[in-house]
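Breakdown of the fold
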Amino acid sequence: MTIQTIATTPFAGQRPGTSGLRKKVTEFQQPGYLENFVEAIFLTLGDCAGRTLVLGGDGRYFNRQAIQTILRMAAAHGVAKILVGRGGILSTPAVSCVIRKHGAFGGIVLSASHNPGGPDGDFGIKYNIGNGGPAPEKITEAIFAHTKALSSYRISDAGPVDLDAIGTSRIEDMQVEVIDPVADYAELMGRLFDFDAIRALFASGFTMRFDGMSAVSGPYAKAIIEGMLGAPAGTVVNAEPREDFGGHHPDPNPVNAAELIALMDGPDAPDFGAASDGDGDRNMIVGRKLAVSPSDSLAIIAANATVAPGYRAGIKGIARSMPTSQAADRVAAALGVSCFETPTGWKYFGNLLDAGLATLCGEESYGTGSDHIREKDGVWAVLFWLNLLAASGKSVNQIVEEHWARFGRNYYSRHDYEAVDAGAAEAMMQALRDQLDTLAGRQFGDFRVQQADDFAYTDPVDKSVSSRQGIRIVMTDGSRIVLRLSGTGTEGATVRLYLERYEADASRHGLATQEALAPLIDIAEQVSQLKQRTGREQPSVVT
Ligand code: G16
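Residues numbered from 1 in each chain as written. Predicted model: local features only at pLDDT ≥ 70, side-chain atom pairs only at ≥ 80, totals over all residues. Heavy atoms only, no water.

What to know about the sheet that holds strand β24 (residues 471–475)
The strands making up a sheet associate through backbone hydrogen bonding, with each pair oriented either parallel or antiparallel. As summarised here, the arrangement of the 7 strands in space is β20-β21-β24-β25-β26-β19-β27, forming an open sheet in which the pairing is antiparallel. The outermost strands of the open sheet, each flanked by one partner alone, are β20 (443–444) and β27 (541–542). Across 6 bridges, the pairing between strand β25 (residues 480–485) and strand β26 (residues 493–503) is antiparallel. Opposite I481, over in β26, you have L499 as the bridge partner. (Pairing = 2+ DSSP bridges. Helix = DSSP H or I, 4+ residues; strand = E, 2+ residues; numbered from the N terminus.)

Observations concerning the packing of helix α8 (residues 217–228) against helix α13 (residues 378–392)
Here α8 crosses α13 at 30°, and the two axes come no closer than 10 Å. Classified by the angle between their axes, α8 and α13 sit roughly parallel to one another. When the axes of α8 and α13 are compared, the crossing they make is right-handed. Every residue of α13 that contacts α8 at S217, Y220, I224 and I225 is listed here: V379, V382 and L383. Of the residues contributing to the contact of α8 with α13, the split by class is 6 nonpolar, 1 polar and no charged. (Axes fitted to C-alpha atoms, helices over the stretch in contact; angles between N-to-C directions. Parallel < 35°, antiparallel > 145°, perpendicular 65-115°, else oblique. Left-handed = near helix turned anticlockwise from the far one by under 90°. Contact = heavy atoms within 4.5 Å. Nonpolar A, V, L, I, M, F, W, Y, C, P; charged D, E, K, R; others polar.)

Brief notes about helix α14 (residues 396–407)
With 12 residues, α14 should cover 16 Å at 1.5 Å per step; its first-to-last C-alpha distance of 17 Å lies within 8% of that length. For α14, the full list of buried residues reads V396, N397, I399, V400, H403, W404 and F407. An end-on view of α14 places all buried positions within 165° of arc, on one side of the element. Away from its buried face, by an angle of more than 90 degrees, α14 presents the exposed residues A405 and R406. Count one or two residues on from α14 and you reach G408, which has phi positive near 90°. (Expected span 1.5 Å × (residues − 1). Buried < 20%, exposed > 50% of the residue type's maximum accessible area, 1.4 Å probe, protein only. Arc of directions from axis to C-beta.)

A few points about the domain arrangement of the protein chain
How big an interface is tends to be stated in terms of the accessible area lost upon association of its parts. Per the domain assignment, the segments of the protein chain are domain 1 (3–181), domain 2 (185–407) and domain 3 (409–542). The straight-line distance from the C-alpha centre of domain 1 to that of domain 2 is 28 Å. On the domain 2 side, the residues contacting the 33 residues of domain 1 number 33 residues. Our enumeration of links across domain 1 and domain 2 arrives at 2 salt bridges. (Domains from an automatic or database assignment. Salt bridge = Lys/Arg side-chain N within 4 Å of Asp/Glu carboxyl O.)

Here is the structure:
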């Protein structure tokens, strides 16, 4: 075994986006492409002597190869020990859990989350820091700066490590420990939730379907929900992670988890439905004929946090991304705790959680989590709901309707226009920015604009400023239109239009969401000319 120095030249476009570097598999397969990015990570980390790292991914195509390459590069950079999930598998929340539990210096997560997998699909890589969370912008920008100036990378010429057997081996002076991907995570869940109550719920005949979408959460859900909580075999479906996710688009929303929605809408619906995404950090909660909006799920979890043993003492605060609905703000106000509004990206929650300012975080993009780790966590959210259903004896629908009756309903939807021309999307955003000063005070039908801006965030802990985080048009009644470009797409640009309307009157809580939002959809089109500028008549996805 020797350490080689291989000459390389920089690749353009290796700037990490909302959640790491995500590109087509074919781009990652170019010789040196992955190596360059990994070299940039190690150059950013500096001296790795004595340090432990965690490594794992969602099992998608190219995962195993990438892991072997990263192991050999970690060894070449003097890493002392690396913990890698068996089969190269670790869900994103499990990486966060393992980093924290084992006091690792950081970790590398291989995933493009909910983006499709397979040879023609997407791949991704991101670095997480010692708190278990995604690296903050100052680190991702340092990585990017290194990618632009590389002339070589270092790698051991060692042979491949057996990823399928639990145990320890060595590359150069580095110890490689292949670990059970589920054990640490399952143990943590057992401390947060009332497993006895959930076991009793299943024993009483309660029925559920968890759709793993042939992605990474399957093994976690199977071990915990069927194994530890006693749900009948077959409760977790599509439980085997596959390299191409079995052709599924592993994004847990009503469009991509259509099979689950059809079941929950039909005569044989179980009591509870749930799904998770490619890397296990997202979740969708479904009742009979009711897909709970992620923003509502966050608010409901916050309002009921104390039912779970891990949160008995109450919550310190709530944080949500700016485009997420303001349903959680109302709960925070009722509980007398702070509610923080951050830019899109889980990395913005890290400082708030570390500083003890927030206990619960959530995003409209089907992400919910807490201070138990520093990533959003799909299985955690599902277990919270199971705990709530067990403790309350109520159905999902009852819980949601009672929540709206108490706090009012924030009708909410996101319209995505995917893979549109990047130049046209940028031009639309610029045209919106140019109008911002003229919007306040304008009347559109029943709505009057109170405030219009391009969201900027000052982190309350480290005072770092993130600007140009999305156009907000806020109406006097609290309704909102938000437009921003996605930072996770891999083709052209994805325009996201977020719509929110508040309704206090319980007799008006039964409207269809798109119907309730129709006037705001019209205003958004009037102001942005989205359809004309993108050449699209309809959004590609509505959640
Ligand atoms: C990532 C981020 C989330 C973000 C989502 C969508 O999720 O971790 O914070 O809300 O992308 O981001 P965008 O709107 O920029 O596409 P995931 O599950 O893809 O890692």
